[in-house]
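# Structure assessment
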Amino acid sequence: MIALFDSGYGGLTVLKPIMEAMPEYDYLYLGDNERAPYGNHSDEIIKEFSEQAVEYLFKKGAKLIIFACNTASSVALRHVQEKYLKGGEENERKILGVLIPVAEEAISITKNQKVGVVGTKATINSKTYEKEIHQLNPHIKVYSKACPLLVPFIEEDWHKKPEAISILKKYLKPLKSCNIDALILGCTHYPLMIKDFNRIMGQKIKVLQSGQITAKKLKQYLQNHPEIESKLGKNKVKTFLTTGDPAKFKEFTEKHFGMKISTPQKVELS
Ligand code: DGL
């Protein structure tokens, strides 16, 4: 099965386009809602939470884990890849992140070589997007802005409230004056406010979400890696796990993603 991991609801913005592009596989989604947001934690804590998630998902039989969470991808992906995929296991199972495909897409669409990135504090402080972009093209100017209040609003399902929109405007104001022509939503929760991002940034700035981009790249990846693809179950089974409130998870998912799901199982990671 393909497992997706996120600190909460955000990874559903990645799961949905992946499932639409590749409906044939079995999927397992783990949201660590109880401990969200991750983005205000130290790197050590984010690594610890990510290790717990990886161990849990491998035990459940995942052959491919996608770190849908940008925060975990930025801070802990290399660490867990080194810890859990050593000793020839890389042909048996994989852990992938979402940052590189999005960085590649931003580089391919920017015309003026000025790209903005918004994300959690941990993602922005890690400078991972900047590093990935500069590795591919050192001439691109990257303007970053941490937006730490957005994820708590989204996890509470308060992101349509005027308070959330006015906070978003404040966060985006400095980026608007940088003359960027592409903005990376470097947090999987933010697409839940995509209409507001688009309206505030205006038509000239292309707002990039990781979901569709990751789905496209994952499809190519599986075509190129039959050793992993052949191990994925293809019974269209979809399982949802949360460390938070299962009823709230079901309600949020059905309301914002239009997916009918069975009540998730509540799990403990720590
Ligand atoms: N949705 C996650 C991300 O993409 C994490 C947000 C958080 O828990 O702070 O960064």
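Above this text is the structure in question.
Since the structure is predicted, the reported quantities are computational estimates derived from the model, not experimental observations. (Residues numbered from 1 in each chain as written. Predicted model: local features only at pLDDT ≥ 70, side-chain atom pairs only at ≥ 80, totals over all residues. Heavy atoms only, no water.)

Next up on the list: the sheet that holds strand 9 (residues 238–242). Read from one edge to the other, the open sheet built from six strands follows the order 4-3-1-2-9-10, with strand pairing classed as parallel. The open sheet has two edge strands with one neighbour each: strand 4 (94–96) and strand 10 (265–266). Bridge count for strand 1 (residues 2–6) against strand 2 (residues 27–31) is five bridges, and the pairing is parallel. Across the sheet, residue Asp6 finds its bridge partner in strand 2, namely Gly31. (Pairing = 2+ DSSP bridges. Helix = DSSP H or I, 4+ residues; strand = E, 2+ residues; numbered from the N terminus.)

A word on the side chain of Ser50. Note that Ser50 resides in helix 2 (residues 43–59). The exposure class of Ser50 is buried, given its relative accessible area of 0%. When residues no more than four places from it in sequence are discounted, the contact partners of Ser50 are Phe5, Phe67, Ala72, Ala76 and Val80. (Buried < 20%, exposed > 50% of the residue type's maximum accessible area, 1.4 Å probe, protein only. Contact = heavy atoms within 4.5 Å.)

Reading across the sheet, the four strands line up as 6-5-7-8 and stay open at both edges, with parallel pairing between neighbours. For this open sheet the edge positions go to strand 6 (141–146) and strand 8 (206–208), each flanked by a neighbour on one side alone. Shown here is a sheet whose adjacent strand axes are inclined to one another by a mean of 20°, direction ignored. Bridging between strand 5 (residues 114–119) and strand 7 (residues 182–186) involves five bridges; their strand directions are parallel. Looking across to strand 7, one finds that Val115 is bridged to Ala182. With respect to the sheet, helix 4 (residues 99–109) is in contact with strand 5, strand 7 and strand 8, its orientation differing from that of strand 8 by roughly 165°. (Axes fitted to C-alpha atoms, helices over the stretch in contact; angles between N-to-C directions.)

Attention now goes to the environment of Gly11. Position of Gly11 among the secondary structure elements: in the loop between strand 1 and helix 1 (12–21). On the basis of relative accessibility, which here comes to 0%, the residue Gly11 falls in the buried class. The sequence separation of Gly11 and Leu185 amounts to 174 residues, and the corresponding C-alpha distance is 13 Å.

So, about the pattern of salt bridges. Applying the stated rule across the entire model yields nine salt bridges. Residue Arg35 is joined to Asp32 by a salt bridge in which the shortest nitrogen-to-oxygen separation is 2.8 Å. With a relative accessible area of 17%, Arg35 lands in the buried category. For Asp32, a relative accessible area of 0% puts it in the buried group. Residues joined in a network through salt bridges with shared partners are Lys250, Glu254 and Lys260. (Salt bridge = Lys/Arg side-chain N within 4 Å of Asp/Glu carboxyl O.)

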